[in-house]
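# Examining the three-dimensional arrangement
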Amino acid sequence: MPVKENQHTLVVEKAKELCSAMELKGWASTKFVSTPPYGLTLISTTGCRAWFGKRWGMICDDMDDHLKIVLDIPKGRIDAEKVSKRLQLPVVNEKAEKSSVEVIDNRDRHTIIIYLFTEELKDTEFKNSEVTELISDVRRWSCL
């Protein structure tokens, strides 16, 4: 179910926690831009290798039952099985209904989608998590 504007949910709270964990890494070259109603867009102030432009991901907090993290990476950097093993989440190929990962092969980049549903999300701490480490690697691979 979509979240109503300004509604406080576990998903919205965890999205803010994830942003805080990312900011603690000291990423001066990344801005978080509010993109209603979806959440936050990750923008590189230096440009991206994944595709033309500066957007390299999104943190989508627009649903009340899951947080969705979308990350663009250059082709050939990582595949679905490696992401799955690293995050200990299953791979899905369509709309997820449980915590999982998906990798989409686009023409000019790959897109990693991480679905974290409330059951796992409530126990997730992003400060020193593998999710945050993966996002850190994606930022390094994608941003100049």
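Located above this text is the structure these notes cover.
Report follows, based on the coordinates.

## Quick look at the overall build of the protein chain
For the protein chain, the count of helices and strands is four helices and six strands. When the elements of the protein chain are put in sequence order from the N terminus, they spell out α-β-β-β-β-α-β-β-α-α. Scaling as 2.2 N^0.38, a compact globule of 144 residues should have a C-alpha radius of gyration of about 15 Å, and the protein chain matches this with 14 Å. A principal-axis box enclosing the C-alpha atoms of the protein chain has dimensions of 35 × 30 × 25 Å. Counting over 144 residues, the protein chain shows a buried share of 50%. Counting contacts in the protein chain only where the partners sit at least 6 residues apart, residues at least 24 apart contribute 55% of the total. Surface summary for the protein chain: the accessible area is close to 7900 Å², and the carbon and sulfur share equals 50%.

## Remarks on the nonpolar core
Counting residues in each nonpolar core, the largest one holds 31 residues, and the members touching the most others are W56, I69, L71, I114 and I135. Those elements that provide at least two residues to this core are helix 1 (10-24), strand 3 (55-60), strand 4 (66-73), helix 2 (80-87), strand 6 (110-117) and helix 4 (130-142). Examining the composition of this core, we find that six residues originate from one element, helix 1, more than from any other. If we ignore the near neighbours within four places in the chain, the residues touching I114 are L67, K68, I69, L71, L87, L89, S100, V101 and L134. Counting residues in each nonpolar core, the second largest holds eight residues, with M58, V92, A96 and F117 among its members.

## Overview of the environment of V131
Tracing the backbone shows V131 in helix 4. Taking the C-alpha atoms as reference points, V131 and K54, 77 residues apart in sequence, are found 21 Å from one another. Leave out the neighbours within four places in its chain, and V131 touches I69, L87, L116 and F126.

## Some words on the pattern of salt bridges
Under the definition given, this model contains ten salt bridges. Between D105 and K75 there is a salt bridge; the shortest N-O distance is 2.3 Å. In this pair, D105 sits in strand 5 (residues 100-105) while K75 sits in the loop between strand 4 and helix 2, placing the two residues 30 residues apart along the sequence. On the basis of relative accessibility, which here comes to 54%, the residue D105 falls in the exposed class. When the shortest N-O distance is used, the salt bridge between D137 and R86 registers 2.6 Å. Of this pair, D137 sits in helix 4 while R86 sits in helix 2, and the two are 51 residues apart along the sequence. With relative accessibility at 16%, the residue D137 sits in the buried group. Here the salt bridges share partners, and the residues they tie into one network are R55, D72, D108 and R109.

The rules we used
Residues numbered from 1 in each chain as written. Predicted model: local features only at pLDDT ≥ 70, side-chain atom pairs only at ≥ 80, totals over all residues. Heavy atoms only, no water. Helix = DSSP H or I, 4+ residues; strand = E, 2+ residues; numbered from the N terminus. Rg over C-alpha atoms; globule rule 2.2 N^0.38 Å. Buried < 20%, exposed > 50% of the residue type's maximum accessible area, 1.4 Å probe, protein only. Contact = heavy atoms within 4.5 Å. Areas by Shrake-Rupley, 256 points an atom, 1.4 Å probe, with all protein chains shown as cover. Core = buried A, V, L, I, M, F, W, Y, C linked by side-chain atoms within 4.5 Å. Salt bridge = Lys/Arg side-chain N within 4 Å of Asp/Glu carboxyl O.

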